[in-house]
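Here's the letter readout for the chains.
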Amino acid sequence: MYGKAIISLAFITLLLITFSLLIGTVDIRSYFFPSPDGAHNFPCKPTGTQSSPSAPLKVYMYDLPRRFNIGMMERKKGDGDDTPVTTAEELPRWPVNAGVRRQHSVEYWLMASLLGSGGEGEEREAVRVLDPENAEAFFVPFFSSLSFNTHGRNMTDPETEKDRQLQVDLISFLRKSKYWQRSGGRDHVIPMTHPNAFRFLRQLVNASILIVADFGRYPKSLSTLSKDVVSPYVHNVDSFKDDDLLDPFESRKTLLFFRGNTVRKDKGKVRAKLEKILAGYDDIRYERSSPTAEAIQASTQGMRSSKFCLHPAGDTPSSCRLFDAIVSHCVPVIVSDLIELPYEDEIDYSQFSIFFSINEAIQPDYLVNQLRQFPKDRWIKMWRQLKKISHHFEFHYPPMKEDAVNMLWRQVKHKLPGVQLEVHRNHRLKVPDWWQQRR
């Protein structure tokens, strides 16, 4: 009896499935074979305001009082004006003779790019939006590097209290913002290219997209390549605009050039070792120097007359010297084991640079022999590539197509999918993030 009932039930089920297939209410192919476009027609759609890959990034810039940014450039005026800068006309030009401060001025150029309205034919990777509800990212125009350079560079100087107080006030300001609260600061962009920038309260902005020169003084819990953007320093030497010699290899008589401070900490101790190893060669210039106007001019001429320019690690893995070499079309020789480089998802540095580990470089004669044997045709190829890519390391206002400002905003745009993943996961997690626990 039960057997007949089971057979009858199976027959009825088969009959229903056959009938459904005939009238099209069930399509078993969707479960066993992918649709032509590789996706199922689920009703869920992505949310958010992300623009298309080719559209400019929509950035909201906070209206911070002047003391957080250009007020530090106007200190000599002493007029006490602390109203926010809201237009490009209010922005002072970056001073020509800014010395070493110039190399840390990335924060200024990013702010300027958002203040400008843009001109005809201008290529822009980011545009300012005045309604934060329409923003994809939020820019915090705090000149943290200039603050360190302005308010007592000596760590024990009482003047550093002003730097600390600016950081305290900024954190208080951000924590009141519902947009900071909404993402935990993850979609906020904060430049800090000086190794000591924001040094008092860095840990309170560790979720944000930080614009850094390298990771030398950042613990992995604070700054990582996955969420942060590596920026070039603003170069100090003049760009080589008319480098059009028929035989640049032979015209550059110096084999290897270095000019800078040879007394450094940490990995930078390699500079003193290289000074001894490279002494006594007629075609190698290894000179001690401080970043004065005269020294920068001497570096300009030295790099333009050299085939290779040495970039050893300093107190941190990177320094402005690398970018001075690039805009001088002098093939960089990089001796820095922990260096990270700007835009490396778009640029292959091995096409115009040579890399040595520190252990290789301090072997007597090894580095020199490698450079002496370097083929001329390969050097010419690197020189041409340097000329081709050097515009990526120029800072302009208004920004120019694929200059450093636009390249940095494009890098920020590349980080946003990961930011959105973190924000959305954080909204629904009811327990501590297990991925963080595994590290």
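Note that the coordinates shown come from a computational prediction; the quantities given were computed from them, not determined experimentally.

This next bit is on the pairing of strand β10 (residues 331–335). The element β10 is largely enclosed, with a buried count of 5 among its 5 residues. What you see with β10 is no split at all: V331, V333 and V335 on one side and P332 and I334 on the other are buried throughout. As paired elements, strand β9 (residues 306–312) and β10 share 5 bridges and run parallel to each other. Considered in β10, the bridge of L310 is made with V333. One crossover worth recording links β9 to the parallel β10 by way of helix α10 (residues 320–327), and it is right-handed. Examined bridge by bridge, β10 and strand β11 (residues 354–355) share 2 bridges and lie parallel to one another. Opposite V333, over in β11, you have I354 as the bridge partner.

Another point: the sheet that holds strand β4 (residues 188–191). Ordered by their spatial adjacency, 6 strands build an open sheet running β2-β1-β3-β4-β5-β6, and the pairing between neighbours is parallel. Each edge of the open sheet carries a strand with a single partner, namely β2 (126–128) and β6 (229–230). Note: strand β5 (residues 209–212) against β6, 2 bridges, orientation parallel. If you follow V212 over to β6, its bridge partner there is V230.

Moving on, we come to the pairing of strand β1 (residues 57–61). Burial analysis of β1 places 4 of its 5 residues in the buried class, which makes it a mostly covered element. The sheet contact formed by β1 and β2 spans 3 bridges and is parallel. Residue pairing for β2: K58 is matched across the bridge by V127. In the sheet, β1 pairs with strand β3 (residues 137–139) via 3 bridges, with the strands oriented parallel. Counted as the bridge partner of V59 is A137 from β3.

Here the focus is the state of the cysteines. Summed over the entire model, instances satisfying the criterion amount to 1 disulfide. Disulfide pairing is shown between C309 and C330; the S-S distance is 2.2 Å. Between C309 and C330 the disulfide shows an S-S torsion of about 105°. By sign, it is right-handed. Residue C309 is located in strand β9, and its partner C330 is located in the loop between α10 and β10; the two are separated by 21 residues in the primary sequence. The two residues C309 and C330 agree in class, both being buried.

Right, let's get into the packing of helix α3 (residues 106–115) against helix α14 (residues 404–428). When two helices pack together, their arrangement is given by the angle between the helix axes and the distance between those axes. Where α3 meets α14, the axes come as close as 10 Å, and the angle between the chain directions of the two elements is 85°. The orientation of α3 relative to α14 falls into the category roughly perpendicular. For the pair α3 and α14, contact is made by V106, W109, L110, S113 and L114 and by V405, L408 and W409, respectively.

What follows is about the environment of R285. With respect to the helices, strands and loops of the structure, R285 is situated in strand β8 (residues 284–288). Considering only alpha carbons, one finds R285 and S306, 21 residues apart in sequence, at a separation of 9.2 Å. Discounting chain neighbours no more than four positions away, the residues touching R285 are T254, L256, F257, F258, G302 and S305. A polar atom in the side chain of R285 sits 2.9 Å from the side chain of E287.

Helix length check: helix α5 (residues 160–175), at 16 residues, gives a terminal C-alpha distance of 23 Å against a target of 22 Å (1.5 Å per residue), a fit within 8%. Inspection of α5 places T160, D163, L166, Q167, L170, I171 and L174 among the buried residues, and these make up the whole buried set. All buried residues of α5 lie within an arc of 130° about the axis, which places them on one face of the element. Taken together, the buried residues of α5 touch α4 (144–150), α6 (178–183) and β4.

Below, the discussion takes up the packing of aromatic side chains. What the rule picks out here adds up to 20 aromatic pairs. On the numbers, 5.4 Å between centres and 55° between planes, the contact of W94 with Y108 is tilted. Remark: Y108 occurs in helix α3 and W94 occurs in the loop between β1 and α3; sequence separation between them is 14 residues. Its relative accessible area of 12% is what places W94 among the buried residues. Judged by centre distance (5.6 Å) and plane angle (80°), the ring pair of F142 and F198 falls under edge-to-face. With F142 in the loop between β3 and α4 and F198 in the loop between β4 and β5, this pair connects stretches of sequence that are 56 residues apart. The pair F142 / F198 is uniform in exposure class, with both members buried. Over the ring of F249 we find K307; its NZ or CZ atom is 4.8 Å from the centre of that ring.

Here we take up the nonpolar core. In this structure, L256, F308, L310 and W409 are the most contacted members of the largest nonpolar core, which totals 106 residues. Top element by residues in this core is α14. It accounts for 9 residues. If near-sequence neighbours (up to four positions away) are discounted, W409 is found in contact with L57, V59, L110, S113, L114, E125, A126 and F139. Membership of the second largest hydrophobic core comes to 5 residues, among which are F257, M303, C309 and A325.

Definitions and limits used
Along every chain, residues carry numbers that run from 1 in the direction the sequence is written. Thresholds applied to this predicted model are a pLDDT of at least 70 for local features of residues and 80 or more for the giving and counting of side-chain atom pairs; totals over whole chains, interfaces and linings are not thresholded and use all residues. Only hydrogens and water are removed before side-chain values are computed, so all heavy atoms of the structure are retained for them. Partly exposed describes any residue whose relative accessible area lies between the buried limit of under 20% and the exposed limit of over 50%, with all areas from a 1.4 Å probe on protein chains only and scaled to the type maximum. Only DSSP runs of H or I covering at least 4 residues are called helices, and only runs of E covering at least 2 are called strands; the numbering of each starts at the N terminus. Any two strands with at least two DSSP-identified bridges between them are counted as paired. Think of it like this: strands point away, you trace from the first strand over the helix to the second, and a clockwise trace means the crossover is right-handed. When two cysteine sulfur atoms are found within 2.5 Å, that pair is recorded as a disulfide. The angle between two axes is taken between their N-to-C directions and runs from 0 to 180 degrees, where each axis is a line fitted to C-alpha atoms and a helix contributes only its stretch in contact. Orientation categories follow fixed angle ranges, with anything under 35 degrees roughly parallel, anything over 145 roughly antiparallel, 65 to 115 roughly perpendicular, and all other angles oblique. Any pair of residues with heavy atoms lying within 4.5 Å of one another is described as a contacting pair. Under the rule applied, a polar contact is a pair of N or O atoms within 3.5 Å (in protein, one hydrogen donor and one hydrogen acceptor; residues adjacent in sequence only if both atoms are side-chain atoms). Each residue after the first adds 1.5 Å to the expected span of a helix. The arc in question is the one traced by the directions running from the helix axis out to the C-beta atoms. Any two of the Phe, Tyr and Trp rings considered here, Trp counted by its six-membered ring, make a pair once their centres fall within 6.5 Å; the pair's planes then place it as stacked at under 30 degrees, edge-to-face at over 60, or tilted in between. Distance and angle both matter: a charge sits over a ring if NZ of Lys or CZ of Arg is within 6 Å of the ring centre and within 35 degrees of the ring normal. Side-chain atoms within 4.5 Å are what join buried Ala, Val, Leu, Ile, Met, Phe, Trp, Tyr and Cys residues into a set we call a nonpolar core.

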